[in-house]
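Okay, here's what each chain looks like letter by letter:
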Amino acid sequence: MERVNTLLGKHIWLQFVLSILAGSALVVLLFPGPSVLSVVLRTTVVSVGGIAAVLLARRKEKRAAGSADGLVVLDRKLRKGDVPTDPAERDAMRALVAQRLHRTRHRVPALVFLTVLFCSVTVLTAATGGPRQTIGFALLTVVFIGWSISNSSLQHRRLRAMDAALRSDGAARRPDYSQA
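Everything numeric here is computed off the predicted structure, so don't read it as measured data.

### Side note on the overall build of the protein chain
The secondary structure content of the protein chain amounts to 7 helices and 0 strands. Seen in sequence order, the protein chain has helices and strands lined up from the N terminus as α-α-α-α-α-α-α. Looking at the protein chain as a whole, 29% of its 180 residues qualify as buried. Put simply, of all contacts in the protein chain between residues at least 6 apart along the chain, 63% involve residues at least 24 apart. Summing over all exposed atoms, the protein chain offers an accessible surface of approximately 11,300 Å²; the carbon and sulfur share of this is 67%. Each charge sign in the protein chain was given a centre, from 25 positive and 11 negative side chains, and these centres are 9 Å apart.

Structural data, given as structure tokens:
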């Protein structure tokens, strides 16, 4: 799994391709009929705004980390809870954590909005679609919203714990994610 994370961290275009293919597969499963190629093209066009936002954030993070490889190393340390001991790496981690905490300052309202949006689309699908689409979209809603909330909370705890560890004097101390 570590090798996959490293590969995807270094090659963000691969993340985009996999996301577009996964989204297209879901659309084809829920709404059979249109050709797979047309679904992939539509998904790609619809995803352009999201891709641009990710690339912009990624550019800022790479600048803070020094390079794509540096970003992958810092991200791995953040996930494992390893506080950097090297002063330059600590400064880069501080900048990365500060950027990510700033970007996530509105995460709770965003999760509420996302939940309302997905539930509304599920209700509209039930009103206008068949049982296959309704059940499929309801399952997608439950799984996606559950994963989003869980992953958001975990990432936020990691960021806060690393921020606290970087502010403290103990450079070799591992952050405690259960306390944050």
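### A few points about the confidence of the model for the protein chain
Mean pLDDT over the protein chain: 86, with 92% of residues reaching 70 or higher. When mean pLDDT is compared element by element in the protein chain, helix α6 (residues 107-128) scores highest at 94, while helix α1 (residues 2-10) scores lowest at 71.

### Overview of the nonpolar core
In this structure, Leu74, Leu78, Met93, Val97, Met162 and Leu166 are the most contacted members of the largest nonpolar core, which totals 14 residues. Elements that contribute at least two residues to this core include exactly α4 (68-80), α5 (87-103) and α7 (131-167). Of the residues forming this core, the biggest block, 5 residues, is contributed by α5. In this view, methionine 93 contacts Leu74, Lys77, Leu78, Pro84, Met162 and Leu166; residues no more than four positions away in its chain are not counted.

### A few points about a positive patch on the surface
Taken together, the side chains of Arg59, Lys60, Lys62 and Arg63 present a region of like positive charge at the surface. Mapped onto the secondary structure, lysine 62 falls in helix α3 (residues 36-65).

### Re the environment of leucine 140
Looking at the secondary structure, you find leucine 140 in helix α7. With a relative accessible area of 23%, leucine 140 lands in the partly exposed category. Separated by 124 residues in sequence, leucine 140 and phenylalanine 16 place their C-alpha atoms 20 Å apart. Beyond its immediate stretch of four places on either side in the chain, leucine 140 contacts Leu26, Phe118 and Ile145.

Conventions and cut-offs
Every chain is numbered independently, its residues counted from 1 as its sequence is written. Totals for whole chains, interfaces and linings use every residue, but because this is a predicted model, local features are given only for residues with pLDDT of at least 70 and side-chain atom pairs only at 80 or more, for both listing and counting. Water and hydrogen atoms were dropped before computing side-chain values, which therefore reflect all heavy atoms in the structure. Each helix corresponds to a stretch of at least 4 residues labelled H or I by DSSP, and each strand to a stretch of at least 2 residues labelled E; elements are numbered beginning at the N terminus. The classification of residues rests on relative accessible area computed with a 1.4 Å probe and restricted to protein chains. Under 20% of the type maximum is buried, over 50% is exposed, and intermediate values are partly exposed. Contacts were defined at the residue level, with two residues in contact if any of their heavy atoms lie within 4.5 Å. In this description, accessible areas are obtained by the Shrake-Rupley approach with a 1.4 Å probe, and a residue is regarded as covered only by the protein chains that are shown. Positive residues here are Lys and Arg, negative ones are Asp and Glu, while His and the chain termini are left out of the count. By convention, the point assigned to a charge is CZ for Arg, NZ for Lys, CD for Glu and CG for Asp. Summary of the metric used: pLDDT quantifies the predictor's per-residue confidence within the range 0 to 100. To define a nonpolar core, start from buried Ala, Val, Leu, Ile, Met, Phe, Trp, Tyr and Cys residues and group those joined through side-chain atoms within 4.5 Å. Nonpolar side chains (Val, Leu, Ile, Met, Phe, Trp, Tyr) are joined into patches within 5 Å and like charges within 9 Å, using only residues with over 30% relative accessible area and no salt bridge. A pairing counts as a salt bridge when a side-chain nitrogen of Lys or Arg comes within 4 Å of a carboxyl oxygen of Asp or Glu.

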